[in-house]
Amino acid sequence: MVLAAVIVLVPRMPRWDRVKKSFFDVEQMRDSLPRLIDAFWLDVKIFAWTTPAIFVLALLIALARNSRSPALFPVRAFAAVYTDVMRGVPVILWIYLVGFGVPGLGLERPYNSPLLWGSVALAMTYSGYVAEVFRAGIASVHESQRAAARSLGLSSWQTMRFVVLPQAVRRVVPPLLNDLVSLQKDVALVSLIGPIEILRQANIDKAKFANFTPFIVAALIFLAVTIPLTRLTDYLWHRQQRRTTGTRVAA
Amino acid sequence: MTAGPNNTATPSAAAAKVSLRGVTKAFGNNVVLRDFSLDVSAGEVVSLIGASGSGKTTVLRCINLLEQIDDGAVLLDGDEISSVGRDPNPVRRRVGIVFQSFNLFPHMSVARNITLALTEVLGQTTDAARDRASELLRRFGLSEKADVYPDQLSGGQQQRVAIIRALAMKPEVLLLDEITSALDPELVGEVLDVVRELKGSGITMLIATHEMAFAREISDRVCFLHGGTIAEVGAPSELFGAPRDERTKQFLRRVRM
């Protein structure tokens, strides 16, 4: 209903032709699409190499925060401060600070690339978020599982590795995918410090042709990736609900 | 070490397999065990009965070092295992425990539940561990369940697997913590049958239970716990047939109805 109203009514609005020309210029779309897809490839690459780094870092931080030995207090404290600081400061600020700041120290090529340090900034902030997801997963494994493992003589590390972590990770797959959807978009923030990825390319095209259509195309390209990823997240979440909650109450 | 008054005149402490000496354990302000002493000799089967909160479970968890005691000592073969800072893992290899809620690992097959500690703690090869698991599963009639996951089993089957998982380590002492309390009545029998089969195999057993008939049948001695200490201890025929302590009499009246 609403959608139909929009489709019927919007083009009847005054100056619709201006809007159409500025945002939905078919010629412009045809012209920009190949360049934008090329530029999007860089987004994909940044995404591909930051994701594993984020998972490894986040897991280490989560394990540090879940350590129980009194002697490891400094490790726990560091992990807590790390997640607080990474999550408490806007992503864009980290990207400026690390992406501009570190190459500005006068490092040699290729270690002075904003692309590299922009990716590092992304990995740092996102590992803060993902660490909290892992931590929640680890905390959700019932204490009786640890008791069973320890009672068999497994060390606390073996208990974590064989019993707690495998269950924890399975439980947090949906929220992890959610963070990945979010990362997939935030990769575009790296454009602000130089690398020509899709958002930057769209901006260049916009400026060159004085037309906003390249932004629309960029948005559609993002949606083409994030929507399937979101649906996958939903599917996995529902599947898990079905498995863990048993009988459902009728609506 | 502070040895509390030994109020259970049973086998001498030196010969005892498991010995608790004046053990005190509190959770915050809640004192669960008060100056608790008990000696259990090798191969003996001792049942702990008493109301919920009387300390049965805590006694077992202290022997397995899942709880750290506040005062007193726990001895295994005369060796003080409760000292602070001592590595609990070698002790746990010798003392198995089975929990009320089974606590099987849900992400592992039945066989892997049993072999995990064999390969990772005892360092057995995968084949040797797998053989040991098959042998025990066969002995307790669960052969065809080796590759099934715990949530595909009935409660009774899960608890039998949990017992097998503990037995696979060849423990000298087996602690059974209300192992039938979470089961449907018709499944209790199959689990108790496993315990019956174990009696006389030389394994020392401490059993916290609400199954009075079973405690009477299987135990060499029965302890009635009240308020974190042993109110009365004796042979099943004495304790159930002619209880001396007023609290024991009251408790037995209530559970028999």
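The text that follows walks through the structure, step by step, so that each part is easy to find.

Calculation criteria
- Residues numbered from 1 in each chain as written.
- Chains lettered and ligands numbered in written order.
- Predicted model: local features only at pLDDT ≥ 70, side-chain atom pairs only at ≥ 80, totals over all residues.
- Heavy atoms only, no water.
- Helix = DSSP H or I, 4+ residues; strand = E, 2+ residues; numbered from the N terminus.
- Rg over C-alpha atoms; globule rule 2.2 N^0.38 Å.
- Buried < 20%, exposed > 50% of the residue type's maximum accessible area, 1.4 Å probe, protein only.
- Contact = heavy atoms within 4.5 Å.
- Areas by Shrake-Rupley, 256 points an atom, 1.4 Å probe, with all protein chains shown as cover.
- Lys, Arg positive; Asp, Glu negative; His and termini not counted.
- Charge placed at Lys NZ, Arg CZ, Asp CG, Glu CD.
- Core = buried A, V, L, I, M, F, W, Y, C linked by side-chain atoms within 4.5 Å.
- Patch = residues over 30% accessible without salt bridge, like charges linked within 9 Å, V, L, I, M, F, W, Y side chains within 5 Å.
- Salt bridge = Lys/Arg side-chain N within 4 Å of Asp/Glu carboxyl O.
- Pairing = 2+ DSSP bridges.
- Axes fitted to C-alpha atoms, helices over the stretch in contact; angles between N-to-C directions.
- Phe/Tyr/Trp six-rings, centres within 6.5 Å; stacked < 30°, edge-to-face > 60°.
- Buried area = accessible area lost by both parts, 1.4 Å probe.
- Polar contact = N/O pair within 3.5 Å; in protein donor to acceptor, adjacent residues only side chain to side chain.
- Nonpolar A, V, L, I, M, F, W, Y, C, P; charged D, E, K, R; others polar.

Side note on the overall build of chain A
And step 1. Counting its secondary structure elements, chain A contains eleven helices and zero strands.
And step 2. Secondary structure elements of chain A occur, N-terminal to C-terminal, as α-α-α-α-α-α-α-α-α-α-α.
And step 3. In terms of overall size, chain A is more extended than a compact globule, its C-alpha atoms giving a radius of gyration of 23 Å where 251 residues would be expected to give roughly 18 Å.
And step 4. Oriented by its inertia axes, the alpha-carbon framework of chain A measures out at about 75 × 65 × 25 Å.
And step 5. Looking at chain A as a whole, 39% of its 251 residues qualify as buried.
And step 6. For chain A, restricting intrachain contacts to residue pairs at least 6 apart in sequence, the fraction spanning at least 24 positions comes to 74%.
And step 7. Put simply, chain A shows about 14300 Å² of open surface, and 68% of that area lies on carbon and sulfur atoms.
And step 8. Averaged over its 28 positive side-chain charges, chain A has a centre that lies 9 Å from the centre of its 15 negative ones.

Structural notes on the nonpolar core
And step 1. Counting 82 residues, the largest nonpolar core has Leu20(B), Phe36(B), Leu38(B), Ile63(B), Leu174(B) and Met205(B) as its most contacted members.
And step 2. For this core, the element with the most residues is helix α6 (residues 185-198) of chain B, which contributes seven residues.
And step 3. If you look at the next biggest cluster of nonpolar residues, it comprises 40 residues, including Val130(A), Ile138(A), Met160(A) and Ala168(A).

Looking at unusual backbone geometry
Residues and elements named next belong to chain B.
And step 1. Not every positive phi belongs to a glycine, and Leu-65 is a case in point at roughly 65 degrees.
And step 2. In this fold, Leu-65 is placed in the loop between α1 (56-63) and β4 (71-76).
And step 3. For Leu-65, a relative accessible area of 15% translates into the label buried.
And step 4. With a phi close to 45 degrees, Glu-178 is a non-glycine residue in the positive phi region.
And step 5. Along the chain, Glu-178 turns up in the loop between β7 (173-177) and α6.

Description of a nonpolar patch on the surface
And step 1. Residues Leu3(A), Ile7(A), Val8(A) and Leu9(A) make up a contiguous nonpolar surface patch of about 420 Å² in total accessible area.
And step 2. Tracing the backbone through its elements, the reader meets Leu9(A) in helix α1 (residues 2-9).

Remarks on the sheet that holds β7(B)
Residues and elements named next belong to chain B.
And step 1. Here we have six strands laid out as an open sheet, ordered β6-β7-β8-β3-β9-β10, and mixed in their pairing. Bordering the open sheet on either side are β6 (95-98) and β10 (229-234), each of which pairs with just one other strand. Taking each pair of neighbouring strands and ignoring which way they run, the sheet shows an average axis angle of 20 degrees.
And step 2. In the sheet, β6 pairs with β7 via four bridges, with the strands oriented parallel. Bridge pairing in β7 places Gly-96 opposite Leu-174.

Quick notes on the pattern of salt bridges
And step 1. Evaluated as defined, the whole model comprises 28 salt bridges over all chains.
And step 2. In this structure, the salt-bridge partner of Arg68(A) is Glu143(A), at a minimum N-O distance of 3.1 Å. Taken together, the residues Arg68(A) in the loop between α3 (26-66) and α4 (73-88) and Glu143(A) in helix α7 (residues 143-151) connect sequence positions 75 residues apart.
And step 3. On the basis of relative accessibility, which here comes to 44%, the residue Glu143(A) falls in the partly exposed class.
And step 4. Put simply, Arg86(B) and Asp79(B) hold a salt bridge, and the shortest N to O gap is 3.1 Å.

Overview of the packing of aromatic side chains
Residues and elements named next belong to chain A.
And step 1. Enumeration over the complete set of coordinates arrives at ten aromatic pairs over all chains.
And step 2. Their ring planes at 50 degrees and their centres at 6.2 Å tell us that Tyr-126 and Tyr-129 sit as a pair that is tilted. Of the two residues, Tyr-126 and Tyr-129 both sit in helix α6 (residues 114-140), three residues apart, roughly one turn of that helix.
And step 3. By the ring-pair criterion, three or more aromatic residues cluster together here, those being Trp-16, Phe-23, Phe-24, Phe-212 and Phe-215.

Describing the interface of chain A and chain B
And step 1. Listed by partner, the interface residues are 17 residues for chain A and 23 residues for chain B.
And step 2. Between chain A and chain B, roughly 1600 Å² of surface is buried when both sides are summed, and carbon and sulfur atoms account for 63% of that area.
And step 3. Of all residues in chain A, Ser151(A), Leu152(A) and Phe162(A) give up the largest surface area on contact with chain B, accounting jointly for 36% of the area buried on that side.
And step 4. Linking chain A with chain B are zero salt bridges.
And step 5. Across the contact surface, chain A and chain B share five residue pairs in polar contact (both at pLDDT 80 or more).
And step 6. Of all the secondary-structure elements, those providing two or more residues to the side of chain A that touches chain B are α7 and α8 (156-171) of chain A.
And step 7. A total of seven residues in the side of chain A that touches chain B trace back to one element, the largest contributor, which is α7(A).
And step 8. For the side of chain A that touches chain B, a count of residues per class yields eight nonpolar, seven polar and two charged.

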